[in-house]
Every structure is written in C-alpha cells, then in structure tokens.
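Architecture at a glance
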Amino acid sequence: MAKIIVVTSGKGGVGKTTTSANFATGLALQGHRTVVIDFDVGLRNLDLIMGCERRVVYDFINVINKEAKLNQALIKDKHCDNLFVLPASQTRDKEALTREGVGEVLAELAEEFEYIVCDSPAGIESGALMALYYADEALVVTNPEVSSVRDSDRILGILASKSRRAERNEEPIKEHLLITRYAPARVDKGEMLSVENICDILCIPLIGVVPESQAVLLASNEGVPVIHKADTDVAQAYQDVVSRFMGDELPMRFLDAPPKPGLLKRLFGG
Amino acid sequence: MSLIDRWLGRSMEKQSAAVAHERLQIILTHERNGRTGTPDYLPALQKELLAVISKYVAVSAENIKVQLERQDQLEVLEVNIVLPDSRG
Ligand SMILES: Nc1ncnc2c1ncn2[C@@H]1O[C@H](COP(=O)(O)OP(=O)(O)OP(=O)(O)O)[C@@H](O)[C@H]1O
Ligand SMILES: [Mg+2]
C-alpha cells in the first residue's frame, strides 16, 4: 500500500518545499518508487527546486480536470529513475483542487508508487487542507522561532481534526517533527529556541534537525536538491531523516556549533 | 569586552530564548484549550432548558447562561438561571 506523506507547517517560508524535494529524493535514492506533488497551486516552486521547470507541460489541475492523463503530467526526475514530480498549476487558484479530484489522482498514483509526498502551501486554507486531507503521515516543518512553533501547533490541531483519518475515526496521522534552519551557535548563545525547547512544546516525535546552511541556496540556484551534495551537513541531515522515517534509529547530528578556532589560529589565520 | 561583561552578556541573551519558550508555553496552553472549543450542544441545551423552565417560571433566554469551563483535567458545566423578580 502506498503511503501518503504531507509536508506541512502553517507558517510560510520555513522549508516545506526544500524538505519535500529532499525527502522525496532521499526515498528514491534508497530505491523506493516515489512521487512528489506540488500542492501550492498558483505559486509553484517545487519544479524549480527539483530542476524540472522547463519540462512542465501539464499540471496537477489539468489531471484533476481530465484535460491530461496522469502520465502526461508526471515528470521523471533527472537524477533518480524512480522519482517523479507532479507540478502545480501556475495559473489557477487553490480552489481548483477539489477533494474528489485530489482523491482520484492520489488513488491512481497509489497503484504505481510506494511513497506519495505532498508539498503543502503555507496557511490553513483550502490548499493546505487539501494537501493534508488524505495523509497517512506528516512531516511538520518548524523553524526555531516563536511564530513557526505556534503555527506548527495549530497545524497539529488541524491534522488531528480535519484529515480523512480524523473524519473516519481511523488511526490518526502519524506526526513527525522536523526542525529546519537550526543554528546551533545561536542556540548556544541563548538567542534561539533549542531542540529541547521545541520538543517540549510540540510534544511529537522528532525525526530530524536540519541545520541552517548556505548550501540550500546554492542547490536551489542550480535546481539540484541539496541531498545530492553528499558532503554537506544539510544533505547528511536529510539522509538521516529518510533513514529514520524508514525505521533506523540514528542519533541526531549537527546539534552543536563547530568549535571556535583557537586564539593562535585566529591571529595567524589557518 | 571584559570577562564579566561577556559573562553578563551571555546570561542576558540566555534569557532571550528562555523568554520565547515561556511565552510559547503560555499562549499554546491557552490556544489548545480554545481549540477543543465549546461543545456545539451548548446552544441546544440552553434552548431546551429554557423550554422546560418556562413551563414553571417566566424566564427569557438571556436569563439562562450555560457555559463550560476547563480547569486542568476537570470540566465544569455551569448553568446559571436568573429568576424574574417575583415582586415585579
Ligand atoms: N536548512 C536551510 N538553510 C538555509 N536556508 C534554507 C534552509 N531550508 C530552507 N531554506 C531557505 O528558506 C527559503 C524558504 O524555503 P522553502 O521554499 O523550502 O519554504 P516553504 O516552506 O516551502 O515556503 P512557502 O511557504 O512559501 O511554500 C528558501 O529561500 C530556502 O532556500
Ligand atoms: Mg513551498
């Protein structure tokens, strides 16, 4: 049975699309047939992050409206054989996503894929509700910052009440906390909420901590998900997230600030 | 910056994340309570109470207040009925 995972946050700009791209790529790199869907209708960006923007012909809404077949809209990833992208429409608005339409497309995808990753738009309106409605599991992307934590809490309430699982009184959506843009040096200085602070407030299992890194911007410039840049800490953090999702028990990494260079090194360079 | 200043500076900043943590704890406890919301049977309950009580005493809807209060694990359903002034 295919598993549907929503990447959600409430707050905008916290790293949902970055996470969707890298999580889906990570699943595919581990050999799983994966599709990642952009639910951000009107503001599509996943195609840019995945580097397939010039190959978009049809989109999710075209498929829902039966203007195109699913396999005409799916774009095969450049780097992984078992990864596909279903882009959002750039010209329509979020109301074009109907519950029945989305349900039909997901059901068709479920026949072919093991994992369906849904990149949610920000907010708690129809687009975000649609992205989470059919989910089995959720990655709740949170930045170490008050408004992001509060919005994540809000989204947790919605996952528990407005999803199909909730409506049908089924087992609830399995929630995972993913902290991104974490800056250990600022946490050490007491300027930024720590992992413990956030876990203590949101009370859901932590699946990973992704450090703040310039590599994310550089990767987005190129249109190559940063998980491919295997020597960077973000790539390794995202690989860990995927492994933990698959059941591995791995210690958290990148929680400590790199040691400050010694006095001599600072004086004389190094 | 002297050692003392630096130490003080650090301890001042320490408070910054701590303040954020504390504020979040307070506001989210509050918001989570609101989220469970007032159960939607309250208006209907109020209406039925009004119907029953009106059989015996002349009361109007605004004289019957029904509300639910939460205190930690405890829920209190409070029904407040103001009877009309019998002398009036
Ligand atoms: N770990 C990270 N380190 C540094 N920058 C990051 C990191 N993760 C994301 N970013 C940057 O943050 C910005 C927002 O990221 P992204 O588009 O993934 O967020 P989003 O939650 O999808 O936003 P929206 O709500 O608008 O859809 C981008 O500029 C991205 O490059
Ligand atoms: Mg996005």
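Let me sum up the structure you'll find in this document. (Residues numbered from 1 in each chain as written. Chains lettered and ligands numbered in written order. Predicted model: local features only at pLDDT ≥ 70, side-chain atom pairs only at ≥ 80, totals over all residues. Heavy atoms only, no water.)

As a further point, take the interface of chain B and chain A. Tallying the contact residues gives 14 residues for chain B and 16 residues for chain A. Buried area between chain B and chain A, summed over both chains or domains, comes out near 1400 Å², and the portion from carbon and sulfur atoms is 52%. Across the contact surface, chain B and chain A share 6 residue pairs in polar contact (both at pLDDT 80 or more). Of the residues that constitute the side of chain B that touches chain A, the class distribution is 5 nonpolar, 3 polar and 6 charged. (Contact = heavy atoms within 4.5 Å. Buried area = accessible area lost by both parts, 1.4 Å probe. Polar contact = N/O pair within 3.5 Å; in protein donor to acceptor, adjacent residues only side chain to side chain. Nonpolar A, V, L, I, M, F, W, Y, C, P; charged D, E, K, R; others polar.)

All names here are of chain A. Applying the stated rule across the entire model yields 5 aromatic pairs over all chains. Seen in terms of ring centroids, F23 and F245 are 5.1 Å apart; in terms of plane orientation they differ by 90°. Their pairing is edge-to-face. Of this pair, F23 sits in helix α1 (residues 16–29) while F245 sits in helix α12 (residues 233–245), and the two are 222 residues apart along the sequence. Accessibility classification places F23 together with F245 in one group, the buried group. Plain terms: the ring middles of F39 and F60 are 5.1 Å apart, the flat faces sit at 80° to each other, and that makes the pair edge-to-face. Taken together, the residues F39 in the loop between β2 (34–38) and α2 (46–50) and F60 in helix α3 (residues 60–64) connect sequence positions 21 residues apart. Given the relative accessible area of 0%, F39 is considered buried. The exposure class assigned to F60 is buried, which follows from its relative accessible area of 0%. A network of ring pairs unites the aromatic residues F23, Y115 and F245 as a single cluster. Lying across the ring of F113, R33 places its NZ or CZ 5.0 Å from the centre. (Phe/Tyr/Trp six-rings, centres within 6.5 Å; stacked < 30°, edge-to-face > 60°. Helix = DSSP H or I, 4+ residues; strand = E, 2+ residues; numbered from the N terminus. Buried < 20%, exposed > 50% of the residue type's maximum accessible area, 1.4 Å probe, protein only. Lys NZ or Arg CZ within 6 Å of the ring centre and 35° of its normal.)

What follows deals with the site of ligand 1. Residues and elements named next belong to chain A. Close to ligand 1 lie 15 residues, the nearest being K16, T17, T18, R181 and S213. Between ligand 1 and V14, the relevant distance is 3.1 Å, taken from an oxygen atom to a main-chain nitrogen or oxygen of the residue. One of the backbone N or O atoms of T17 is found 2.8 Å from an oxygen atom in ligand 1. Contact with the protein chains hides 77% of the accessible area of ligand 1, taken as 640 Å² for the molecule alone. Sorting the residues of the shell around ligand 1 by element identifies α1 and β8 (206–211) as the ones contributing at least two each. A class-by-class count of the residues in the shell around ligand 1 yields 5 nonpolar, 6 polar and 4 charged. (Near = heavy atom within 4 Å. Areas by Shrake-Rupley, 256 points an atom, 1.4 Å probe, with all protein chains shown as cover.)

All names here are of chain A. Relative to the helices and strands, T19 resides in helix α1. Judged by relative accessible area, which is 1%, T19 ranks as buried. There is a polar contact of 2.8 Å between the side chain of T19 and the side chain of Y238. The residues touching T19, leaving out its near neighbours within four places in the chain, are V7, A24, L139, V141, L178, T180 and Y238.

Moving on to helix α7 (residues 146–162) of chain A. Taking 1.5 Å per residue as the helical rise, α7 of chain A with its 17 residues ought to reach 24 Å, and the 24 Å between its terminal C-alpha atoms agrees with that figure. Every buried residue belonging to α7 of chain A is among S148, V149, S152, D153, I155, L156, G157, I158 and L159 of chain A, and all of these are buried. (Expected span 1.5 Å × (residues − 1).)

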